[in-house]
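Here's the letter readout for the chains.
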Amino acid sequence: MTTERPLGIQLYSVRDDLGPGRLDGTLARLADMGFTHAEPFDILGDPAGLAAALRRSGLRAATAHAAIDRLDREAVLDAAETLGIGTVIVPWADPAALTDRAGVEALADAVNSASAVAAGRGIRVGYHNHDFEFAQHIDGVPVYDLFVGLLDPAVVLEVDLYWAGVGGADVFELLPRLGERVRFLHVVQEREPGNDRPVLGSDTTGRLDEILPLAPSVEMPVVEVVAHHSDVFPLVERNAAYVREQVRA
């Protein structure tokens, strides 16, 4: 007998279809594709309304992208509690601020400080990478490696496989080295034509079956598809079908 593990969708993928009068239909459509969880990217606008819409769709929110290192921490944590979110993930940092060790240390200090506050309310803090953390180096060391080495062990990692590869990372070396700190993965099987970048490191397309065993502590893969020039839903549905097959226990 096989069971489905949790499967998330980063709601930024369908950001143009989340407005008034469309939220319920979009969430229901995602649930019908086999997603069990949604990962919001805006939890401060109307957390109670979003929580109610998620309940109606049957989707849950275990994670959310929110810049808790820069925003009002208590407001972010209040919204997370309203939505039942257990992990608030810092979604992005300014690449221009990470060109020297002092900048990396400042980011790590901010994330660590937010993590300590969140822990007091039973919520974890995590970090989501893009490509620049791997493409930028300080004294020959990728910014990502330096940054992770400065993070408190309580801070978890959401590794975006596509962006890590674009930045030059060998994902098949990275994941075992990071070990149990990796709790979530951002995954994509198929991107919108013309909306992709050269992959300088590991191309993980079609290789999720090889990747998942390298990160046994992963609690949930999260699909993120970004489309600017076409109807995103067929692309999301094809990605969902692929990832859903890979996460069968």
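Below: a short report on this structure. (Residues numbered from 1 in each chain as written. Predicted model: local features only at pLDDT ≥ 70, side-chain atom pairs only at ≥ 80, totals over all residues. Heavy atoms only, no water.)

## Looking at the pairing of strand β5 (residues 124-128)
Looking down a regular strand, the side chains alternate between one sheet face and the other.
1) Next: With four of five residues buried, β5 lies mostly within the body of the structure.
2) Next: Note: strand β4 (residues 87-90) against β5, four bridges, orientation parallel. Counted as the bridge partner of I89 is G126 from β5.
3) Next: Between the parallel pair β4 and β5, the chain is carried across by helix α4 (residues 101-119), and the sense of this crossover is right-handed.
4) Next: Summarising the sheet, β5 and strand β8 (residues 156-160) pair through three bridges and their orientation is parallel. Its bridge partner lying in β8, G126 is registered against V156. (Buried < 20%, exposed > 50% of the residue type's maximum accessible area, 1.4 Å probe, protein only. Helix = DSSP H or I, 4+ residues; strand = E, 2+ residues; numbered from the N terminus. Pairing = 2+ DSSP bridges. Right-handed = clockwise from strand over helix to strand, strands pointing away.)

## A short note on the packing of α4 against helix α6 (residues 143-150)
1) Next: Axis separation between α4 and α6 bottoms out at 9 Å; the angle between their running directions is 40 degrees. As summarised for this structure, α4 and α6 are arranged oblique, according to the angle between their axes. For the pair α4 and α6, the crossing hand works out as right-handed. Facing α4, whose interface residues are R101, V104, E105, L107, A108, V111 and N112, α6 presents V143, L146, F147 and L150.
2) Next: In terms of residue class, the contact of α4 with α6 is made up of eight nonpolar, one polar and two charged. (Axes fitted to C-alpha atoms, helices over the stretch in contact; angles between N-to-C directions. Parallel < 35°, antiparallel > 145°, perpendicular 65-115°, else oblique. Left-handed = near helix turned anticlockwise from the far one by under 90°. Contact = heavy atoms within 4.5 Å. Nonpolar A, V, L, I, M, F, W, Y, C, P; charged D, E, K, R; others polar.)

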